[in-house]
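# Inside the fold
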Amino acid sequence: MDNTYWTERFGGSAARIQASTIRELLKLTQRPGVLSFAGGLPAPELFPKEEAAQKAAQILRERGERALQYGPTEGYAPLREWVAQRFGVEVEEVLITTGSQQGLDLLGKVFLDEGSPVLLEAPSYLGAIQAFRAYGPRFVTVAMDAEGMDLEALEEALRRERPRFIYAIPTFQNPSSALMPLSRRERLVEIAHAHGVPLVEDDAYAELYFDGKKLPTLFELDRAQGYGNVVYLGSFSKVLAPGLRVAYAVGPKPVIAKLVQAKQGADLHTPVLNQMLVHALVQEGFEARVARIREVYRAKAEAMVRALEAHMPPGVRFSRPRGGMFVWMELPGVNAQALLEEALKEDVAFVPGAPFFAGGGGENTLRLSYATMTEGEIQEGMRRLSQALGRLLALV
Ligand SMILES: Cc1ncc(COP(=O)(O)O)c(C=O)c1O
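Residues numbered from 1 in each chain as written. Predicted model: local features only at pLDDT ≥ 70, side-chain atom pairs only at ≥ 80, totals over all residues. Heavy atoms only, no water.

Another aspect to go through is the sheet that holds strand E13 (residues 351-352). Overall, antiparallel pairing links the four strands, which are arranged E10-E11-E14-E13 in an open sheet. In this open sheet, the two strands that pair with only one neighbour each are strand E10 (317-318) and E13. Summarising the sheet, strand E11 (residues 326-330) and strand E14 (residues 365-369) pair through five bridges and their orientation is antiparallel. Directly across from glutamate 330, in E14, lies its bridge partner threonine 365. (Pairing = 2+ DSSP bridges. Helix = DSSP H or I, 4+ residues; strand = E, 2+ residues; numbered from the N terminus.)

Next comes the structure, spelled out in structure tokens:
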């Protein structure tokens, strides 16, 4: 059977599910010898390999019947309780998900219809755009700066549109590394509440702050006002290991109950062994582990900023991350896709920013990830990138 036999038989939503442009590009960047700043992967040297090996063996030996049996859709109870305690909420307000990526998909399933508006930042996390796109919504995008979503633009959009929810990544946003300050967070929570529009806070990078200061989440600010208008997504991917696929949604009980029903149809539950392992890993030395991850990423981020300051030609703007895994760059009148082609000749790669803009635009932007690179590779990579850029700028 050829391709068309199958494509003619797929449902309507299959047409909306497309291979991510980034995934296609990443294939090119995986050539041996390429210094790739393209991926968004956490640093593997920080994975808790030894502890995980010991604890997984112990769990399987001592509680194997439970670890290998079907489990509740809501999640492994002790892990749910751990999350509930950390957030000061009831257990019924917590759902364990298979990565926060699943949380995004379930939110799409529960809240979005074909043609319904959903509001997000421009740029925003590509995985969220992909997850929501499968449900056929209309993307309403709001511009942002280094301090997150532009709230004037948000209010303006909310005068025209009634989105099913606002999706925001206020902390070390992927891809822009933007950090929303407290006053803007407070105002965002107020605006969402005043307009009766739920706020989805994706906080995948919450713990990766470099300067010792953690800002209150939108979730906390909303609860402090007694609104209950925020659904929060958290994840163990960036603080333990992404391959475990363990994350959580925290929100009002009716939302969590509906997400549970949606999850039943998706995967029945997140693997019990992985949840038990995550629970075991957060019992001991978790804070010290996260502190070490912060230190490692801080050093890499500083190395990248130093290298960019040393090498980049004038007119190039780049973010100075205060946490997370990314540097965001704006090029002066140069297309980032064209730069990638030139950069690959120098064996260096990054992700062009345009796919992160659900409403189009951003052709002169790009994202660099420093998480998996050594300081030496960062120096050399930024030198090569500036050479490629220099050649293009000479043509402009
Ligand atoms: C903003 C954001 N949300 C969600 C995810 C997905 O994370 P998880 O591994 O928990 O599915 C990522 C992963 O990179 C991300 O950057």
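Attention now moves to unusual backbone geometry. A cis amide bond, omega 5 degrees, links alanine 122 with the succeeding residue proline 123. By the element assignment, proline 123 lies in the loop between strand E3 (117-122) and helix H7 (126-133). A cis geometry characterises the amide bond from asparagine 174 onward to proline 175, with omega recorded as 15 degrees. For proline 175, the location among the structural elements is in the loop between strand E6 (166-168) and helix H9 (182-195). With a phi close to 50 degrees, phenylalanine 172 is a non-glycine residue in the positive phi region. Secondary-structure assignment places phenylalanine 172 in the loop between E6 and H9. Backbone geometry at leucine 268 places phi at a positive 60 degrees, although glycine is not the residue there. Secondary-structure assignment places leucine 268 in the loop between helix H11 (253-267) and helix H12 (272-283).

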